[in-house]
Amino acid sequence: LDSLIILGDRRLDTTLRRLANTIVFHTNPRKLLQADRMITLKLKARIPELSQLEEDLKLQKRGLSNKELALLVERMKTKETTIDIMKEIQRAAPELYQALVGERDLIMARGM
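Just so you know, these numbers come straight off a predicted model, no measurement behind them. (Residues numbered from 1 in each chain as written. Predicted model: local features only at pLDDT ≥ 70, side-chain atom pairs only at ≥ 80, totals over all residues. Heavy atoms only, no water.)

(A) Looking closely at the side chain of E103. One can find E103 in helix α6 (residues 94–110). Classification of E103 by relative accessible area gives buried; the value is 14%. Beyond its immediate chain neighbours, meaning those up to four positions away, E103 contacts R10, R18 and Q98. (Helix = DSSP H or I, 4+ residues; strand = E, 2+ residues; numbered from the N terminus. Buried < 20%, exposed > 50% of the residue type's maximum accessible area, 1.4 Å probe, protein only. Contact = heavy atoms within 4.5 Å.)

So, in C-alpha cells, the structure goes:
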C-alpha cells in the first residue's frame, strides 16, 4: 500500500516520569483509594461473577489462575468499563488523569 505510519504518542519513560511526579506531589491518596472503591463497585455491578470469584479466592487463599485472569481481563475490556475507570480517575485525581490521558491526547493531536 506504500503507506506512512506515524507513531503519535510520546516516549514511555516520559509518561512514567510524569505519572510518578503527579502521584507523589499532586495526588490525594484518600481520593485515589475512594476512586478505587468506586471502580471496584462498578466492576462488580457490571461483572456479577467477580464477587463470587473474590469470595472463592479469599476462602481458598489462592491467587487467580492464568485462565481466570484472562477471562476477567476480557470481561473488563469494554468501552463502558474504560470510560467508568477514566471518569473516576479524572474526578479523584485530575492531575493524574492529565498526565496519563490529557497530555497524550494533546501530543497525538499536534502530530496529526
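(B) Up close: empty space enclosed by the protein. Applying the stated rule across the entire model yields 1 cavity of 30 Å³ or more. Volume-wise, the largest cavity comes out at about 30 Å³. Forming the boundary of the largest cavity are I39, K42, L43, R46, T81, D84 and I85. Among the elements of the structure, α2 (29–46) and α5 (79–92) are those that each provide at least two residues to the lining of the largest cavity. Take the lining of the largest cavity: its biggest share by element is 4 residues, from α2. In the lining of the largest cavity, the residues fall into 3 nonpolar, 1 polar and 3 charged. (1 Å grid on protein atoms, 1.4 Å probe; cavity = no way out; pocket = protein on both sides within 12 Å on 5 of 7 lines; lining within 4 Å. Points joined across faces, edges and corners; volume = space filled by probe spheres on them. Nonpolar A, V, L, I, M, F, W, Y, C, P; charged D, E, K, R; others polar.)

(C) Up close: α5. Taking 1.5 Å of rise per residue, 14 residues should cover 20 Å, and α5 covers 20 Å from first to last C-alpha, within 8% of that figure. When α5 is considered as a whole, its buried residues turn out to be T81, D84, E88, I89 and A92. For α5, the angular spread of the buried residues around the axis is 125°, confining them to a single face. Seen from the buried face of α5, the exposed residues on the opposite side, beyond 90 degrees, are K79 and K87. Its buried side turned inward, α5 meets α2, α4 (66–76) and α6. (Expected span 1.5 Å × (residues − 1). Arc of directions from axis to C-beta.)

(D) Structural detail: the pattern of salt bridges. Per the stated rule, a full pass over the model turns up 11 salt bridges. The partner of R17 in a salt bridge is D13, and the shortest N-O contact between them spans 3.7 Å. Taken together, the residues R17 and D13, both in helix α1 (residues 12–26) and 4 residues apart, mark about one turn of the helix. Exposure remark for R17: the relative accessible area of 52% places this residue in the exposed category. (Salt bridge = Lys/Arg side-chain N within 4 Å of Asp/Glu carboxyl O.)

(E) Geometry of the packing of α2 against α5. One can describe the packing of α2 onto α5 by two numbers: an axis separation of 9 Å at closest approach and a directional angle of 160°. With respect to their mutual orientation, α2 and α5 come out roughly antiparallel. Seen along the crossing, α2 lies across α5 with a hand that is right-handed. Note on element contacts: α5 touches α2 through E80, T81, D84, I85, E88, R91 and A92, opposite K31, L32, A35, M38, I39, K42, L43 and R46. (Axes fitted to C-alpha atoms, helices over the stretch in contact; angles between N-to-C directions. Parallel < 35°, antiparallel > 145°, perpendicular 65-115°, else oblique. Left-handed = near helix turned anticlockwise from the far one by under 90°.)

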